[in-house]
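# Fold and contact review
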Amino acid sequence: MAGIPEKDAISGQSTTGHEWDGITELNTPLPAWWVWVFYATIVWALAYVVVYPAIPLGASATPGLFGWHSRTELQKDMNQAYQAFHADKVARIESMDVDAIIADDPLRQYATRAGEVIFKENCAPCHQSGGAGNYGYPTLADDEWLWGGTADAIYTTVRHGIRDTNTFDDTRFNEMPSFAELPEEDLNALADYVVAASAGSLPAGHGQQLFEENCAVCHASESSGPVPDGNQAMGAPALNNQIWLYKGDKESILAQLRAPKQGMMPGWANRLKDSDIKSATVYVHSLGGGQ
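The name an unreviewed UniProt entry gives the protein chain is Cbb3-type cytochrome c oxidase subunit, with Rhodospirillum rubrum as the organism. Turning to the protein chain, the UniProt record has this under Subunit (unreviewed entry): "Component of the cbb3-type cytochrome c oxidase."

### Focus on the overall build of the protein chain
Tallying secondary structure elements over the protein chain gives 12 helices and four strands in all. Over its C-alpha trace the protein chain gives a radius of gyration of 37 Å, far above what one expects of a compact globule, namely 19 Å for 291 residues. By its C-alpha atoms, the protein chain is 130 × 50 × 35 Å across when sized along the principal axes. Intrachain contacts of the protein chain at a sequence separation of at least 6 include 53% that bridge at least 24 residues. Accessible area of the protein chain: about 17,900 Å², with a carbon and sulfur share of 57%. Side chains of the protein chain give 18 positive and 36 negative charges; the mean places of these two sets differ by 5 Å.

### Topic: the side chain of D274
Tracing the chain through its elements places D274 in helix α12 (residues 274–286). Overall, D274 belongs to the buried group, its relative accessible area being 16%. At 2.6 Å, the side chain of D274 and the side chain of Y155 are in polar contact. Other than its neighbours up to four places away in sequence, D274 contacts E94, Y155 and R159.

### Re the packing of helix α7 (residues 151–160) against α12
It is at 9 Å that the axes of α7 and α12 come closest, and there the two elements cross at 130 degrees. Of the possible angle classes, the one that applies to α7 and α12 is oblique. Crossing geometry of α7 relative to α12 is assigned as right-handed. Contacts between α7 and α12 involve A151, I154, Y155, V158 and R159 on the former and, on the latter, D274, I277, K278, T281, V284 and H285. Classifying every residue of the contact of α7 with α12 by side-chain character gives six nonpolar, two polar and three charged.

### Regarding the nonpolar core
I93, I101, F119, W268, I277 and V284 are the most contacted members of the largest nonpolar core, which has 28 residues in total. The contact partners of V284, leaving out residues within four places of it in the chain, are F119, L140, W145 and I154. In terms of nonpolar packing, the next biggest core, distinct from the first, is built from 17 residues, L182, C215, A216 and L239 among them.

### Some remarks on the domain arrangement of the protein chain
Here the protein chain is partitioned into domain 1 (90–141 + 151–159 + 270–286) and domain 2 (184–258). Relative to domain 2, the C-alpha centre of domain 1 lies at a distance of 31 Å.

### A few points about the layout of surface pockets
Within this model, the second largest pocket holds a volume of roughly 200 Å³. Considering the residues around the second largest pocket, the lining is formed by Y82, H86, V90, I93, Y110, A114, I118, K273, S275, D276 and S279. Counting residues per element, the ones that place at least two in the lining of the second largest pocket are α3 (87–95), α5 (105–122) and α12. Of the residues that constitute the lining of the second largest pocket, the class distribution is six nonpolar, three polar and two charged.

### As for the UniProt feature "binding site: heme c 2" (unreviewed entry) in the protein chain
UniProt records the feature "binding site: heme c 2" (unreviewed entry) at M176, C215, C218 and H219, using the numbering of this structure. In three dimensions, the annotated residues from a span of 44 residues occupy one location, with a maximal C-alpha spread of 10.3 Å. With respect to the element layout, M176 can be found in the loop between α7 and α8 (184–198). When its relative accessible area of 23% is taken as the criterion, M176 is described as partly exposed. Ignoring anything within four residues of it in the chain, the contact list for M176 reads Q256, L257, P260 and Q262.

What counts as what
- Residues numbered from 1 in each chain as written.
- Predicted model: local features only at pLDDT ≥ 70, side-chain atom pairs only at ≥ 80, totals over all residues.
- Heavy atoms only, no water.
- UniProt positions renumbered as here; feature names shortened; annotations may be inferred.
- Helix = DSSP H or I, 4+ residues; strand = E, 2+ residues; numbered from the N terminus.
- Rg over C-alpha atoms; globule rule 2.2 N^0.38 Å.
- Contact = heavy atoms within 4.5 Å.
- Areas by Shrake-Rupley, 256 points an atom, 1.4 Å probe, with all protein chains shown as cover.
- Lys, Arg positive; Asp, Glu negative; His and termini not counted.
- Charge placed at Lys NZ, Arg CZ, Asp CG, Glu CD.
- Buried < 20%, exposed > 50% of the residue type's maximum accessible area, 1.4 Å probe, protein only.
- Polar contact = N/O pair within 3.5 Å; in protein donor to acceptor, adjacent residues only side chain to side chain.
- Axes fitted to C-alpha atoms, helices over the stretch in contact; angles between N-to-C directions.
- Parallel < 35°, antiparallel > 145°, perpendicular 65-115°, else oblique.
- Left-handed = near helix turned anticlockwise from the far one by under 90°.
- Nonpolar A, V, L, I, M, F, W, Y, C, P; charged D, E, K, R; others polar.
- Core = buried A, V, L, I, M, F, W, Y, C linked by side-chain atoms within 4.5 Å.
- Domains from an automatic or database assignment.
- 1 Å grid on protein atoms, 1.4 Å probe; cavity = no way out; pocket = protein on both sides within 12 Å on 5 of 7 lines; lining within 4 Å.
- Points joined across faces, edges and corners; volume = space filled by probe spheres on them.

What follows is the structure, given as structure tokens:
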């Protein structure tokens, strides 16, 4: 009879009326529980769209009735983790001087790791990774220091910078004068003496006399002596080694005598928290040359 579904002779199950090559399709409805669960998920989805952020609106989305956002929850979790693990250590670093931080081994390790991150973000573009240094930027991983390698000296340099006179009154400052007015013969003799000193020799003669008269007051720890071993109180580098800021060949030395380069390092007191400056100081001090 039309309208009455046929039944499969073997299973007794109604068919859909579809048949192909002698094979009929059984009409097997989904279980009632499954159908109701499916309807419930549809209702849940519609409710979720209304309650939570869901519908894209270009650069944003619908806020939802609750105003909830997973990013807000993540920020809360991160803040809680920070308070639980970092806040106390950062507060201690803030309140202690650098030498005391270094003397506290667990705190020193924490500050060193934090300082490494700060160094990579702020200092490595000039001083290179690990403080390897570059042309015009001193190496920080050796024991040669322009302004001193004690923890306190490094902290002062990082905090106030070098020749950052537009920002800090307490910035480190020196200025090498030009010696372009000296006769060319004197300039060559002086450059030859510095080249010899860098190789470990201090030849007596006109060059040594010129050094004592013009350069020893800054570049020798004993101003009356001919040994160019530097003067950290003035930020004047030692010239009796192979560590050079602007190369150490004769032509480079002559160029520096005629028209000295005056590098500038920014102070970080207005850019970083004091705890970050101290952490960076501890890291630099740990690179191998800290005094």
